[in-house]
Amino acid sequence: MKQPGTRHKARRRAVDLLFEAEAKNVSAHQLVAERREYVRDDESVGTIHDYTAMVIEGLAADLPQVDAVVSSHLRGWTLERLPAVDRAILRLATWELFHSVDVDPIVIVDEAVELAKELSTDDSPAFVNGVLARIADLAPQVRAAAAADEPRHGD
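Residues numbered from 1 in each chain as written. Predicted model: local features only at pLDDT ≥ 70, side-chain atom pairs only at ≥ 80, totals over all residues. Heavy atoms only, no water.

1. Details of the packing of aromatic side chains
To keep things clear, this is the line we draw: Geometry of aromatic contacts follows a simple scheme: Phe, Tyr and Trp rings, the Trp one being its six-membered ring, pair when their centres are within 6.5 Å, and the pair is stacked under 30 degrees between planes, edge-to-face over 60, tilted otherwise. For a Lys NZ or an Arg CZ to count as sitting over a ring, it must be within 6 Å of the ring centre and within 35 degrees of the ring normal.
In this structure the tally under the stated criterion is one aromatic pair. Here Arg81 stacks its cationic end above the ring of Trp77, 4.5 Å away from the centre of that ring.

And the structure:
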């Protein structure tokens, strides 16, 4: 079996933090800050990978938009009715599809399906794949629009 890479571990940690934040009704961004504080005193807490923190912070800033996109691509489900871990995986992957321009959308979808296999129900990988495949079709336009909005030097 292939060993998971650093980004896979960072994504898994992000899903864990999103899940925990929702269960505790706190912001995932707040959890990241707390964990980074704890690790100074207790290394067993484990450091938060920079990619995990970046994704959590980006998702925190864009959560209403991400949730709207995910909700509009669900068929026969509402975001609230999904298992919390599936909701976390879909949120993470949707944010990545739109903002992680250095990662191929196919890789993002594959990683999300892998996380669903590891963390969720038997039906979740196919479900996650179906929802994200529809969302991934939007990724090139969203990425292009974001790139066009970035300020250019000399403007």
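2. Quick notes on the pattern of salt bridges
Between side chains of opposite charge, a pair can form when the charged atoms approach closely. Which entries qualify depends on this criterion: By salt bridge we mean one thing: a side-chain nitrogen of Lys or Arg within 4 Å of a carboxyl oxygen of Asp or Glu. In this text, helices come from DSSP runs of H or I with a minimum length of four residues, and strands from runs of E with a minimum of two, each type numbered from the N-terminal end. The rule is simple: take the accessible area with a 1.4 Å probe, protein chains only, and divide by the maximum for that residue type; under 20% is buried, over 50% is exposed, in between is partly exposed.
Counted according to the given criterion, the structure contains eleven salt bridges. Among the salt bridges present, the one from Arg91 reaches Asp67, with a minimum N-O distance of 2.6 Å. Residue Arg91 is found in helix H4 (residues 84-99), and its partner Asp67 is found in helix H3 (residues 50-72); the two are separated by 24 residues along the sequence. Accessibility classification places Arg91 together with Asp67 in one group, the buried group.

3. Here's the deal with the nonpolar core
Defined as follows: By convention a nonpolar core is built from buried Ala, Val, Leu, Ile, Met, Phe, Trp, Tyr and Cys residues, the set being connected through side-chain atoms within 4.5 Å. Contacts are residue-level and defined by heavy atoms, with any inter-residue pair within 4.5 Å sufficient.
Ile89, Leu90, Leu97, Val128, Leu132 and Ile135 are the most contacted members of the largest nonpolar core, which has 43 residues in total. Listing elements by their share of this core, those giving two or more residues are helix H1 (6-24), helix H2 (28-41), H3, H4, helix H5 (105-119) and helix H6 (124-136). If you tally residues by element for this core, the top one is H4, at nine residues. Excluding anything up to four places from it in sequence, Val128 contacts Ile89, Leu90, Ala112, Val113 and Ala116.

4. Focus: unusual backbone geometry
In this structure, Asn25 takes a positive phi of about 60° despite not being glycine. Mapped onto the elements of the fold, Asn25 is located in the loop between H1 and H2. Asn25 sits in the exposed class, given a relative accessible area of 71%.

5. Considering H3
Under the convention used in this document: Bend angle per residue: angle between axes fitted to the 7 residues ending at that residue and the 7 residues starting there.
When the local axis directions of H3 are compared, the greatest deviation, roughly 75°, occurs at Asp62, which is followed within four positions by the proline Pro64. Turning to H3, its buried residues are Tyr51, Thr52, Ala53, Val55, Ile56, Gly58, Leu59, Asp62, Val66, Asp67, Val69 and Val70. As for H3, its buried residues are in contact with H1, H2, H4 and H6.

6. Description of the environment of Leu115
If you trace the backbone, Leu115 turns up in helix H5. Remark: the alpha-carbon pair of Leu115 and Asp137, spanning 22 residues in sequence, is separated by 21 Å. In contact with Leu115, not counting residues within four places along its chain, are His8, Arg11, Arg12, Val15, Ile89, Leu92 and Ser120.

7. Some thoughts on H2
The condition is simple: Given the number of residues in a helix, its expected span is that number minus one, multiplied by 1.5 Å. Regarding the arc, it is the one traced by the directions from the helix axis to the C-beta atoms.
With 14 residues, H2 extends 21 Å between its outermost C-alpha atoms, agreeing within 8% with the 20 Å of an ideal straight helix rising 1.5 Å per residue. Of all the residues in H2, the buried ones are Ala28, Leu31, Val32, Arg35 and Val39. Around the axis of H2, the buried residues are gathered within 100° of arc, so they sit on the same side. Seen from the open side of H2, the exposed residues pointing more than 90 degrees away from its buried face are Arg40 and Asp41. Buried positions along H2 lie against H1 and H3.

8. A word on the packing of H4 against H6
Operational definition: Only the contacting stretch of a helix is used when fitting its axis, a line to C-alpha atoms as for every element, and angles between N-to-C directions run 0 to 180 degrees. An angle counts as roughly parallel when it lies under 35 degrees, as roughly antiparallel when it exceeds 145, as roughly perpendicular when it falls between 65 and 115, and as oblique in every other case. For a crossing to be left-handed, the near helix must be turned anticlockwise from the far one by less than a right angle; the clockwise case is right-handed. Residues are grouped as follows: nonpolar covers Ala, Val, Leu, Ile, Met, Phe, Trp, Tyr, Cys and Pro; charged covers Asp, Glu, Lys and Arg; every other residue, Gly included, is treated as polar.
Direction vectors running N to C along H4 and H6 enclose 30°, while the axes themselves pass 10 Å from each other. It follows from the interaxial angle that H4 and H6 lie roughly parallel. For the pair H4 and H6, the crossing hand works out as right-handed. Facing Asp86, Ile89, Leu90, Ala93, Thr94, Leu97 and Phe98 of H4, the residues of H6 in contact are Ser124, Phe127, Val128, Val131, Leu132, Ile135 and Ala136. Of the residues assigned to the contact of H4 with H6, the class counts are eleven nonpolar, two polar and one charged.

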